[in-house]
Amino acid sequence: MTRLWHGALAVLVLGALLGQTEGVIRTGTGLVDLFSYFTIQSNILVMVTAALIAVRPDRHGRAWGILRLAALVGITVTGVVYAVAIGPYVSLAGAAWWYDKIFHYVVPGMAVLGHVALRPRTGFERRDLVFIAWPIIWLAYTMVRGAQGSPSFAAPQDRLSRYPYDFLDVDVHGAASVAVAAVVVTVLMLAVASVYVRAGRRDRRPVSAGRAAPGPPPVP
């Protein structure tokens, strides 16, 4: 079941990514902008880790723990933030509507459910929290590119923005508000990561096969 679930998840993300990429190429919008979305990067991490689990479910190691935690936290926060702060203001139709639902609802749900319900499950250690370097680098890249480059992202009220998400739009909300929003999302990511780490630390500790339970102490 673990192989089937994660294999299906990887194929689903790949199909949606290919479809979305084809749409971007056809309409002439920027591929760089597409892959600059945190949503897309999170889905790519889920696709890679799900494919690796489908090939070998009992993966372990420090690099794997960091990669898997990044995928889980990224896609969890993607789903939560989109459902609460972004999704209600997005209006799409046709294929774009389906891709939106896959990236923001189906994939987050399948990724979290697969991790929680299926075994073997990746366990984590506190050191895996170094994954937070990825969203911090992404944020720095996004803000610098928005300020110095010429990206073009769809924004509420049928306008275009230099930033992929409205809560990061300095032109609309100002630097102070964006800074607060960035801190809130970062704290949310660390909180979600801490839940995954605390829940899964025991899964990372190897158990010696065939180890007998200790017997009663010798009688003097």
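Preceding this section is the structure that the text describes.
Below or above, wherever it landed, is the structure these notes cover. (Residues numbered from 1 in each chain as written. Predicted model: local features only at pLDDT ≥ 70, side-chain atom pairs only at ≥ 80, totals over all residues. Heavy atoms only, no water.)

Structural notes on the overall build of the protein chain
Across its full length, the protein chain holds eight helices and two strands. Mapped from its N terminus to its C terminus, the protein chain presents α and β elements in the order α-α-α-α-α-α-β-β-α-α. Counting only C-alpha atoms, the protein chain reaches 85 × 40 × 25 Å along its principal axes. Residues counted as buried form 41% of the 220 residues belonging to the protein chain. Partitioning the contacts of the protein chain with sequence separation of at least 6, the portion at a separation of at least 24 is 72%. (Helix = DSSP H or I, 4+ residues; strand = E, 2+ residues; numbered from the N terminus. Buried < 20%, exposed > 50% of the residue type's maximum accessible area, 1.4 Å probe, protein only. Contact = heavy atoms within 4.5 Å.)

Section: the pattern of salt bridges
Under the counting rule described, the total for this entry stands at seven salt bridges. As a salt-bridge pair, Asp100 and Lys101 come within 3.1 Å of each other at their nearest N and O atoms. Each of the salt bridges in this network shares a partner with another, and the network as a whole consists of Arg159, Asp166 and Asp169. (Salt bridge = Lys/Arg side-chain N within 4 Å of Asp/Glu carboxyl O.)

Looking at helix 1 (residues 2-27)
Taking 1.5 Å per residue, 26 residues should reach 38 Å; helix 1 reaches 38 Å between its end C-alpha atoms and fits that length. Burial in helix 1 covers these residues: Thr2, His6, Gly7, Leu9, Ala10, Val13, Ala16, Leu17, Gly19, Thr21, Gly23 and Val24. Once helix 1 ends, the next one or two residues include Gly28, with phi positive near 80°. (Expected span 1.5 Å × (residues − 1).)

A closer look at the nonpolar core
Of all hydrophobic cores here, the largest spans 43 residues; its most connected members are Leu9, Val73 and Phe131. Of all the elements in the fold, those that place two or more residues in this core are helix 1, helix 3 (38-55), helix 4 (62-86), helix 5 (95-117), helix 6 (133-148) and helix 8 (175-204). Element by element, the count of residues in this core is highest for helix 4, at ten residues. Residues within four places of Phe131 in sequence aside, it is in contact with Ile66, Leu69, Ala70, Val73, Met189 and Ala193. (Core = buried A, V, L, I, M, F, W, Y, C linked by side-chain atoms within 4.5 Å.)

Here's the deal with helix 3
With 18 residues, helix 3 should reach 26 Å at 1.5 Å per residue; the first-to-last C-alpha distance of 26 Å fits that figure. Of the positions making up helix 3, those classed as buried are Phe38, Thr39, Ile40, Ser42, Asn43, Leu45, Val46, Met47, Thr49, Ala50, Ile53 and Ala54.

Considerations on unusual backbone geometry
Look at the link from Arg119 to Pro120: it is a cis peptide, with omega at 0°. Of note in the backbone geometry, Gln157 takes a positive phi value of approximately 65° without being a glycine. Tracing the chain through its elements places Gln157 in the loop between strand 1 (153-155) and strand 2 (159-161). Gln157 gets classed as exposed once you look at its relative accessible area, which sits at 76%. The phi torsion at Asp158 lies on the positive side, around 55°, for a residue other than glycine. Position of Asp158 among the secondary structure elements: in the loop between strand 1 and strand 2.

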